[in-house]
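Descriptive analysis of the structure
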Amino acid sequence: MRTELPAIFVVTEVTEQTGHRLRAFIEAGGKLIVLSPTLAQGAAPYQVPDDVTLIDLRYGNGVNLVRGRHPRIEGYWPQYSGLRTGLARNLVVSQTISNDTPIEDAHSRPHEAQLAPYGTPLSSEDYRHTHNHHQNLLVETFNFSPNLNAVSIWGDSAALVPGAKSWGAFVSARSWPLKWDTYTPAGSAEYDDADFDAQLVGIEIDVLNAGLDWGTKSPLLGSAMAKVGVQIVGFGNRNTAAVEIRTEDSDDATRGPQDRRGAWHWGIILRNALGDRSTVLMSENGRIRRGIDFDLTTFTEGALRIAGAGENSGIVFDNGTGGQIYSEPSPDGPTLCIRAGRGGLRILTADGTDHPAIAPVTPEAASPQPRPFDLRQWAAADLRVRTASPASLEAQERQRVFQSRLIGADDRLKAALRRMTATMSENMLGSRGGKPYFVHVPKCAGSTVNRILAINHAGLEGFVGSGDLAQFHGVKSKPPQEDYAYLSGHLPFGSAGYFTGEFVAFGTLRDPVQRLLSEYHYLVSAGESDFSVHLQAQDASLLHFLNDMQVWQINPSLKFISGAHPMETIDEWDALWQAFDNLIEKAWLFAPVDHLGMLLTLCARKFGWRYLSAQPQNVHSPRLPSISDVILKAASPYTFADQLLFEMVEAAWMGALTGLPASAWVAAAEFAESKDGIIDLSTTAGGCDPRYSRLAAFVQASR
């Protein structure tokens, strides 16, 4: 009959017989060994494997749990090496881990240790699968009760006499170039102390939210449920500080900031942790004494540094109604702007009276009544005093986020511009053929291009997108089977992939503010949509238009070129790089609308068009020679990303044009000077119209 070994082996004396029994216990799978208080202190009396835990009762009244080769087995406190600090303990858990420490997977099965990812940072998805964790103490609680608060670890320390000091918890993470032969695991890497470094994190708190986004209330509950990383709650009488950041010598008055040991480079850093609708610091406390107090600190590079990005990017008073102080970019460098509040602007002397040299600006002086609408003379005051709608405030916030992400992106933008220029240069006189796919951004001369497409494909069927979201989704979910001769209309980039045949994408872009003003003038003068009727009923107010901006009017060019439908909300930053990728890798040519003549000339050559149509003027809105700064500011929250996209396309186009031969320029010039409604480029019995002979020769050359 087999005798089962006990779960715990107790060592009370060091003898040969005890050693034999101990080895048998370990060989049988025993994992817990108690060292009795009667044994001599110092090194363990017997060597045991690293996966066996020693419960050491030899030192005072405390208990040491030691696993692996650790100096705690000799009663040594490595945390206080070289110090004369008085110490006491109740329970100490000590372990040494090494490259030989057994690793297991989430099912407690043996698992290979993975190499730590040094060098290039990994994506969050890759990192979560390529690192190892060792938990010396893991406490886990599953809570299935809505009436019981689950607390996995509670530390409570009470100070019960005058002058007593209590810490609820004390956590440290240390780096130490330890070379202690007795306790350094065999096979550990060798190094020079001068090269030693390691990562330290004092405490990490993970909030793993698989519930609803904060602020969203579940129909199962009476209120939204909070998700908080650290919650600090004061009880009783007034406390000192919720958070105090110190160094080891904070109380040493003989040391200045330059001499601090263990000083922090940043007090608090937010490392890519907030969303585009987040707030860095929120106070919900009513009236208190002070906000930020720097009375005892001076600065060498500014107490507050702000990356100005125009309106709403600096200091905003009273949700904007009390005025703003911000900077905005300009050709000559950043410009400081002080915007008066709704009640005006006052500059005071030291005694609090109005400054004699600067008269107060009253609301009436700052905001004269708007004059009747005129496309060429916009009522600037109408814009200055407008009340920001929720839609415009959201657009301004999206603009601020976008512009903040532009900081440091110069090299990436330059690289994209070089590639885009090279692509356009190669495509301008590249191979011929393919079916035309005109990506029609609204108010970008699309009527002219659509007319030419229809003339050249008379008798053939083309697909013209209406811009309707249902139509767009219908095309995506059930691709048409017809063999269309061309695609056009308000079809976002990439829509050609749902149709049969090899389509070649091209299009035009327009200065975004000019495009927006053109759209506004069209809507209030010729539009028949519900939105047009709504605007017309409001006496064509520019103010009303800007406060009633619809989602399809915000950065529409970027949406079309990136492949999004104008009715969809996008992340402008991600969409910008998708648009660049489309222009570089998938598009044929995109040109500024001012160069429509050259683009159509190249189109005629590319697609073998017989007919071109003389360029009509945009009947709805002549191009404004200049636009006031007020209009630019008012429009910028709706055009900020389109502006960068347009400038990049314009720069790439202009750079590519330098490689065209003289024959292309002459052909485009003949087209630009044309007065006829339709230009026939074919060779007739009488020959080409001599006025367009060089245009025809360029289009038909080297077919």
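Attention here is on the structure that accompanies the text. Since the model is a prediction, treat every value here as computed from it, not as a measurement.

Criteria and cut-off values
Residues numbered from 1 in each chain as written. Predicted model: local features only at pLDDT ≥ 70, side-chain atom pairs only at ≥ 80, totals over all residues. Heavy atoms only, no water. Helix = DSSP H or I, 4+ residues; strand = E, 2+ residues; numbered from the N terminus. Buried < 20%, exposed > 50% of the residue type's maximum accessible area, 1.4 Å probe, protein only. Lys, Arg positive; Asp, Glu negative; His and termini not counted. Salt bridge = Lys/Arg side-chain N within 4 Å of Asp/Glu carboxyl O. Contact = heavy atoms within 4.5 Å. Expected span 1.5 Å × (residues − 1). Polar contact = N/O pair within 3.5 Å; in protein donor to acceptor, adjacent residues only side chain to side chain. Core = buried A, V, L, I, M, F, W, Y, C linked by side-chain atoms within 4.5 Å. Axes fitted to C-alpha atoms, helices over the stretch in contact; angles between N-to-C directions. Parallel < 35°, antiparallel > 145°, perpendicular 65-115°, else oblique. Left-handed = near helix turned anticlockwise from the far one by under 90°. Nonpolar A, V, L, I, M, F, W, Y, C, P; charged D, E, K, R; others polar. Pairing = 2+ DSSP bridges.

1. Let's talk about the side chain of D642
Checked against the element boundaries, D642 lands in helix α15 (residues 629-657). Here D642 occupies a buried position and makes no salt bridge, while the nearest side chain of opposite charge, R515, is found at 4.9 Å. Setting aside its immediate chain neighbours within four residues, D642 contacts P512, N555, P556, S557 and L558.

2. Observations concerning helix α13 (residues 572-585)
With 14 residues, α13 extends 20 Å between its outermost C-alpha atoms, agreeing within 8% with the 20 Å of an ideal straight helix rising 1.5 Å per residue. Taken across its 14 residues, α13 has ten buried, putting it largely inside the fold. Buried residues of α13: E572, W573, A575, L576, W577, A579, F580, N582, L583 and I584, and no others. A distance of 3.0 Å separates the backbone nitrogen of W573 from a side-chain oxygen at the start of α13, and that oxygen is part of D571.

3. Here's the deal with the nonpolar core
Within the largest apolar cluster, 83 residues are counted, with the highest numbers of intra-cluster contacts made by W609, L612, L645 and W653. Here this core gets eleven residues from one element, more than from any other, and that element is α15. Dropping the residues within four chain positions of it, L612 is found in contact with I452, L600, A604, F671, G677, I678, I679, L681 and L695. Grouped together as the second largest cluster of nonpolar side chains are 15 residues, F9, L22, V48 and I73 included.

4. Notes on the packing of helix α16 (residues 662-672) against helix α17 (residues 693-700)
Relative orientation and spacing of two packed helices are given, respectively, by the angle between their axes and the distance between those axes. Across the interface, α16 lies against α17 with an axial gap of 8 Å and an inter-helix angle of 130°. Considered as vectors, α16 and α17 are oriented oblique to each other. Relative to α17, the crossing made by α16 is left-handed. In this structure, α16 uses S663, A664, V666, A667, E670 and F671 to contact α17, whose residues at the interface are S693, R694, L695 and F698. Here the contact of α16 with α17 is composed, by residue class, of six nonpolar, two polar and two charged.

5. Focus on unusual backbone geometry
The backbone of S108 sits at a positive phi, close to 65°, despite the residue not being glycine. Here S108 is to be found in the loop between β5 (91-95) and α2 (124-127). Of the residues examined, S108 reaches a relative accessible area of 53% and is grouped as exposed. The backbone phi angle of N555 is positive, close to 50°, even though this residue is not glycine. Looking at the element boundaries, N555 is found in the loop between α11 (542-547) and α12 (556-562). Look at N555 and you get buried, because its relative accessible area is 0%.

6. Things to note about the sheet that holds strand β3 (residues 53-56)
What the five strands build is an open sheet, ordered β1-β2-β3-β4-β5; its pairing is mixed. Each edge of the open sheet is held by one strand with a lone partner, namely β1 (8-11) and β5. Recorded for the sheet is a direction-independent mean angle of 20° between the axes of neighbouring strands. Relative to β3, strand β2 (residues 32-35) is paired through four bridges, and the arrangement is parallel. Along β3, the bridge assignment pairs V34 with I55. Sheet contacts for helix α1 (residues 16-27): β1 and β2; angle to β1, the most-contacted strand, approximately 160°.

From the geometry alone we can't say anything about function, so treat these as descriptive.
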